Amino acid sequence: MTASTTESGRSIPPDVVLSAVADEHRRAVLRSLNQTDQNVMDVDALADLVAERVRNGEPSDDEHRRRVYIALHHVHLPKLEACGMILHDTETKQVRSATGELGQRLLSVVEPYEHASDFVR
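Sequence order as written defines residue numbering, which begins from 1 separately in each chain. This being a predicted model, a pLDDT of at least 70 is required before a residue's local features are given, and a value of 80 or more before pairs of side-chain atoms are given or counted; all residues contribute to the totals for chains, interfaces and linings. Only heavy atoms go into the side-chain values, all of them from the structure, while hydrogens and water stay out.

Describe the nonpolar core, with residues and values.
Definition used in this section: a nonpolar core is a set of buried Ala, Val, Leu, Ile, Met, Phe, Trp, Tyr and Cys residues joined via side-chain atoms within 4.5 Å. Burial classes follow relative accessibility: with a 1.4 Å probe on protein chains only, a residue under 20% of its type's maximum area counts as buried, one over 50% as exposed, and anything between as partly exposed. Formed by 24 residues in total, the largest nonpolar core has its most connected members in V29, V50, L77 and M85. In DSSP terms, a helix is any run of H or I states spanning at least four residues, a strand is any run of E spanning at least two, and both are numbered starting from the N terminus. At the level of elements, α1 (14-21), α2 (24-34), α3 (43-53) and α4 (62-82) are the ones that each hand at least two residues to this core. For this core, the leading source of residues is α3, giving 5 residues.

What follows is the structure, encoded as structure tokens:
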């Protein structure tokens with residue numbers, strides 16, 4: 001596997017890309033951003049979508065949504081931003097996809113394996 005490139009032209013090593021998409025919350029972030037018209041979303045709206053996605057579309061209660069928001073803020077968004085897959089403006093609370101087509105291709109590759117527990121180890 002070769003290094004991938006973000007829209008900014010920055011090269012992302014394969015191990016970093018795989019680590020970034022290994023977590024269901026980060027995949028939900030990328031999937032949510034890729035499904036918006038402008039690939040940008042407010043963190044609050046993003047937390048709502050991610051909370052629903054990690055519960056397979058089931059409505060999220062306030063406590064679960066709060067935990068997802070905190071995890072996004074402290075773990076998932078910084079990790080995605082560090083590898084150049086998103087841009088997070090903490091002042092405006094906006095998150096923008098920086099992967100473009102790369103993000104869509106990554107998600108299509110990992111989608112068949114979303115439920116890893118289905119596989120015998």
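Read on, since the account is not over.
Account for the pattern of salt bridges, naming residues and giving values.
We define a salt bridge as a contact between a side-chain nitrogen of Lys or Arg and a carboxyl oxygen of Asp or Glu at a distance within 4 Å. Across all of its chains, the model carries 4 salt bridges by this definition. Here D44 ties to R65 by a salt bridge, and the two come within 3.8 Å at their closest N and O atoms. Placement of the pair is D44 in helix α3 and R65 in helix α4, with a sequence separation of 21 residues. For R65, a relative accessible area of 22% corresponds to the partly exposed category. Several salt bridges share partner residues, and in doing so they unite D44, D48 and R65 into one network.

So what about the sheet that holds strand β5 (residues 94-97)? Which residues, and what values?
An order of β3-β5-β4 is seen for the 3 strands of this open sheet, with the pairing classed as antiparallel. If you trace the sheet from one side to the other, it starts and ends with β3 (40-42) and β4 (86-89), each paired once. Sheet twist, expressed as the average angle between the axes of neighbouring strands with direction ignored, equals 20°. Two strands form a pair only when DSSP identifies at least two bridges running between them. The sheet contact formed by β4 and β5 spans 4 bridges and is antiparallel. Paired with I86 across the bridge in β5 is S97. Contacts are assigned to residue pairs with any non-hydrogen atoms lying within 4.5 Å of each other. Geometry is summarised by axes, namely lines fitted to C-alpha atoms with helices restricted to the contacting stretch, and by angles between N-to-C directions that run from 0 to 180 degrees. Its contacts with the sheet put α2 on β3, β4 and β5, and the angle it makes with β5 is roughly 85°. Against the sheet, α4 contacts β4 and β5, and its axis sits at roughly 125° relative to β4.

Describe α3, naming the residues involved and giving the relevant values.
Counting along an α-helix, one turn takes 3.6 residues, and residues three or four places apart therefore face a common direction. Along α3, the residues that are buried comprise V43, L46, A47, V50 and A51. Along α3, the residues classed as buried sweep out an arc of 135° about the axis, all on the same side. In this structure, the buried side of α3 is in contact with α2, β3, α4, β4 and β5. Measuring from the side-chain oxygen of the N-cap residue of α3 to the backbone nitrogen of D44 gives 3.0 Å; that N-cap residue is D42. By definition, the arc is the one covered by directions from the helix axis to the C-beta atoms. Between N or O atoms, a polar contact is any pair within 3.5 Å; within protein, one atom must be a potential hydrogen donor and the other a potential acceptor, and residues adjacent in sequence are included only when both atoms are from side chains.

Explain the side chain of T36 to me, using residue names and the numbers behind them.
Following the sequence through the fold, T36 ends up in the loop between α2 and β3. A polar contact of 2.9 Å, which involves the side chain of T36, links it to the backbone nitrogen of N39. There is a polar contact of 3.4 Å between the side chain of T36 and the backbone nitrogen of V40.

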